There are 2 protein chains.
Amino acid sequence: MSKIAGVLGGLGPEATVDFLAKLVAGTDAANDQDHVRLLIDHNPTVPNRHDAIAGRAPSVGPQLAEMAAGLERAGADFLVMVCNTAHAYTDEIRTAVSIPFISIVDVTVEAAAAAGHRQVGVMAAEGCLRAALYQQALTAAGCEPVLWSDDELESFMALVYRIKAGERDEDIRSGVSRLATSLVFGGAEALIAGCTEIPLMLAPESAPAPLFSSTDLLVQRTIELAKAD
Amino acid sequence: MSKIAGVLGGLGPEATVDFLAKLVAGTDAANDQDHVRLLIDHNPTVPNRHDAIAGRAPSVGPQLAEMAAGLERAGADFLVMVCNTAHAYTDEIRTAVSIPFISIVDVTVEAAAAAGHRQVGVMAAEGCLRAALYQQALTAAGCEPVLWSDDELESFMALVYRIKAGERDEDIRSGVSRLATSLVFGGAEALIAGCTEIPLMLAPESAPAPLFSSTDLLVQRTIELAKAD
């Protein structure tokens with residue numbers, strides 16, 4: 001009997017499509033019934049997380065906690081969330097439920113550290129970096145985070161908002177790629193795609209260093225946990 | 001304030017990915033928050049509907065009714081289901097909830113009839129045809145359904161199971177296309193893609209007659225209803 005994964009999604013919407021598509025494609029299945037059950041709260045109406053974390057808007061913790069509690073009530077056995085930045089509210093989510101909440105940040109850092117990388121470039125968005133989610137997790141794992149300059153982060157945020165608005169052009173692709181390369185020049189021997197919009201524009205095979213996609217790693221962990229006895 | 005759409009999904013999984021991808025791409029949105037909220041019960045573990053409808057296995061009505069009631073309890077304002085065949089259990093679903101359940105069959109037939117088509121080819125799977133879902137709805141709308149022979153339906157089912165198993169080759173594509181053409185030879189002036197696996201292998205622009213995709217039409221209706229005041 002497989003477990004039901006509860007998914008806090010829609011943050012943003014295309015990242016959730018990407019997560020679901022990869023999860024379905026990545027499941028070893030000969031027919032419908034071999035696939036895993038998910039309860040997805042696809043809720044793009046949660047306000048901007050970067051503004052909240054920067055103190056420019058109220059916390060979105062209560063909304064995320066409510067989504068998490070709703071998924072538990074609906075029958076989820078464990079929870080995942082398809083948005084790195086929103087993991088700034090991990091404590092509020094965990095407090096709201098009695099089922100495990102699997103952190104995309106922990107899953108991603110575990111994979112990068114297990115591969116033996118020490119200097120790890122963090123491609124992440126403003127709120128995620130401001131909350132130091134990857135910096136703390138990498139340091140705890142014995143790794144050293146390599147970060148963008150403020151100007152580079154600003155460029156990245158402009159690209160993220162264009163991706164979220166549905167733009168998909170070569171200008172964005174080369175911009176994301178250039179920002180990845182900059183971290184490698186800064187000493188990164190591997191990169192973390194710590195924002196679920198990144199895989200929409202940068203494939204691991206096009207990255208200038210081994211790329212640990214938080215989306216892909218969360219997909220794998222979700223399948224493993226759902227299929228575990 | 002937009003409404004929350006409850007989605008009975010996972011039947012099959014890739015059809016639900018297709019639905020969600022088209023819904024997100026089809027929403028007029030400049031940022032995350034312009035998108036609509038969905039509660040998705042992605043449940044591929046519901047047993048084979050064709051076997052149930054043919055009497056070879058127990059009814060799956062109770063399971064679908066339970067999924068529907070769960071989505072209502074979780075906060076959905078209306079329901080849709082991304083599987084044509086499972087609409088054989090429409091009455092059981094409607095009995096289980098007090099919110100509207102929008103039928104993919106009705107939405108699709110409405111569009112074909114509104115376009116003025118009278119002889120309409122029905123590309124649908126065994127259980128859907130056995131339950132006469134499209135035949136009844138087309139007749140009620142003043143249209144005449146054009147159907148496959150038993151041999152053609154058998155070929156279609158073999159293709160559907162290959163699509164559900166993740167196969168995507170030219171052989172399947174040409175098989176689906178040949179079955180579409182056969183309905184046109186049989187007098188159909190338009191075609192209904194009345195199985196959510198069809199759009200995965202046959203694009204409207206490749207079809208031998210105007211193709212009314214049940215997935216696309218349900219996506220449009222879902223967005224309209226979710227954004228309605």
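Scroll up to find the structure.
Attention in this report is confined to the structure presented alongside it. Counting restarts for each chain: residues are numbered from 1 in the order of the written sequence. Written order decides the labels, with chains lettered from A and ligands numbered from 1. In keeping with the model being predicted, local features are shown solely for residues with a pLDDT of at least 70 and side-chain atom pairs are shown and tallied solely at 80 or more, while totals for entire chains, interfaces and linings include all residues. Values reported for side chains reflect all heavy atoms of the structure, with hydrogen atoms and water molecules removed beforehand.

**Some points on the relation of the copies chain A and chain B**
- The superposition of copies rests on a least-squares fit of C-alpha positions from residues with pLDDT of 70 or more in both. By a simple turn and slide, chain A fits onto chain B: the slide is 0.0 Å along the axis, the RMSD is 0.0 Å, and the turn is 180 degrees. Viewed as a symmetry operation, the transformation between the two copies matches a two-fold axis. Closest approach to the rotation axis among the C-alpha atoms of chain A is made by Ile40(A), whose C-alpha sits 2.5 Å away.

**So, the interface of chain A and chain B**
- It only takes one pair of heavy atoms within 4.5 Å for two residues to be counted as in contact. Every contact between the two is made by 31 residues of chain A and, on the other side, 31 residues of chain B.
- Joining two parts hides part of their accessible area as seen by a 1.4 Å probe, and the buried area is that hidden amount summed over both. It is Asp32(A), Arg37(A) and His42(A) that lose the most area in chain A upon contact with chain B, and together they represent 23% of the buried surface on that side.
- Basic side-chain nitrogens of Lys or Arg form a salt bridge, by our definition, when they fall within 4 Å of a carboxyl oxygen of Asp or Glu. Taken together, the connections running from chain A to chain B amount to 6 salt bridges.
- Numbering of helices and strands runs from the N terminus; a helix is a DSSP stretch of H or I covering at least four residues, while a strand is a stretch of E covering at least two. At 7 residues, the largest contribution of residues to the side of chain A that touches chain B is made by helix α1 (residues 13-25) of chain A.
- Only Asp, Glu, Lys and Arg are considered charged, only Ala, Val, Leu, Ile, Met, Phe, Trp, Tyr, Cys and Pro nonpolar, and every remaining residue, Gly among them, polar. Grouping the constituent residues of the side of chain A that touches chain B by class yields 17 nonpolar, 8 polar and 6 charged.
- Paired strands, as defined in this entry, are two strands with at least two bridges between them according to DSSP. In this sheet, strand β2 (residues 38-42) of chain B lies alongside strand β2 (residues 38-42) of chain A in antiparallel orientation, the contact comprising 5 bridges. Within β2(B), the residue paired with His42(A) across the bridge is Leu38(B).

**Let's talk about helix α5 (residues 104-114) of chain A**
Residues and elements named next belong to chain A.
- When a residue's accessible area, from a 1.4 Å probe over protein chains only, is under 20% of the maximum for its type it is buried; when over 50% it is exposed; and in between it is partly exposed. Burial runs high along α5: 8 of the 11 residues are buried.
- The complete set of buried residues in α5 reads Ile104, Val105, Val107, Thr108, Val109, Ala111, Ala112 and Ala113.
- Where α5 is buried, its residues meet β3 (78-81), α7 (133-140), β6 (190-193), β7 (211-213) and α10 (214-227).
- In protein, a polar contact requires one atom able to donate a hydrogen and another able to accept it; more generally it is a pair of N or O atoms within 3.5 Å, and residues adjacent in sequence count only if both atoms are side-chain atoms. With a side-chain oxygen lying 3.1 Å from the backbone nitrogen of Val105, the N-terminal cap of α5 falls on Ser103.
- Just downstream of α5 lies Gly116, where phi reads positive at about 90 degrees.

**Considerations on the environment of Ala29(A)**
- Relative to the helices and strands, Ala29(A) is located in the loop between α1 and β2.
- Under the relative-accessibility criterion, Ala29(A) is labelled buried at 18%.
- Among all residues touching Ala29(A), those that are not within four sequence positions of it are Asp34(A), His35(A) and Ala165(B).

**Remarks on the packing of aromatic side chains**
Residue and element names in this part refer to chain A.
- Any two rings among Phe, Tyr and Trp, with Trp reduced to its six-membered ring, count as a pair given centres within 6.5 Å; such a pair is stacked if its planes are under 30 degrees apart, edge-to-face if over 60, and tilted if neither. Within the structure shown, the criterion is met by 2 aromatic pairs over all chains.
- Seen from their ring centres, Trp148 and Phe156 are 4.7 Å apart, and the 40 degrees between their planes marks the pair as tilted. Of the two residues examined, Trp148 and Phe156, each falls in the buried class.

**Some remarks on unusual backbone geometry**
All names here are of chain A.
- Residue Gly12 is reached from Leu11 by a cis peptide bond, and omega for that bond is 0 degrees.
- Along the chain, the position of Gly12 falls in the loop between β1 (5-9) and α1.
- A positive phi angle, close to 60 degrees, is found at Ala132, a residue other than glycine.
- Note on placement: Ala132 falls in the loop between α6 (126-130) and α7.
- Assessed through its relative accessible area of 18%, Ala132 is described here as buried.

**Things to note about the sheet that holds β7(A)**
All names here are of chain A.
- Strand order in the open sheet formed by 4 strands is β5-β4-β6-β7, with parallel pairing between adjacent strands. The outermost strands of the open sheet, each flanked by one partner alone, are β5 (144-146) and β7. Across the sheet, the mean angle from the axis of one strand to that of its neighbour is 30 degrees, orientation sign disregarded.
- Examined bridge by bridge, β6 and β7 share 3 bridges and lie parallel to one another. If you follow Ile192 over to β7, its bridge partner there is Phe212.
- Each axis is a line fitted through C-alpha atoms, taken for helices only over the stretch in contact, and angles between the N-to-C directions span 0 to 180 degrees. Running at roughly 155 degrees to strand β4 (residues 119-123), helix α9 (residues 170-185) makes contact with β4, β5 and β6 of the sheet.

**Here's the deal with the pattern of salt bridges**
- Within this structure, the stated rule accounts for 32 salt bridges over all chains.
- Linking Arg162(A) and Asp169(A) is a salt bridge whose minimum nitrogen-to-oxygen distance equals 3.4 Å.
- Here the residues in one salt-bridge network are Asp32(A), Arg49(B), Lys164(B) and Glu197(B), joined through shared partners.

**A short note on the pairing of strand β4 (residues 119-123) of chain B**
All names here are of chain B.
- For β4, a buried count of 4 out of 5 residues is recorded, marking the element as mostly surrounded by other parts of the structure.
- Bridge analysis of β4 against strand β6 (residues 190-193) gives 4 bridges, and the strand direction is parallel. Paired with Val122 across the bridge in β6 is Ile192.

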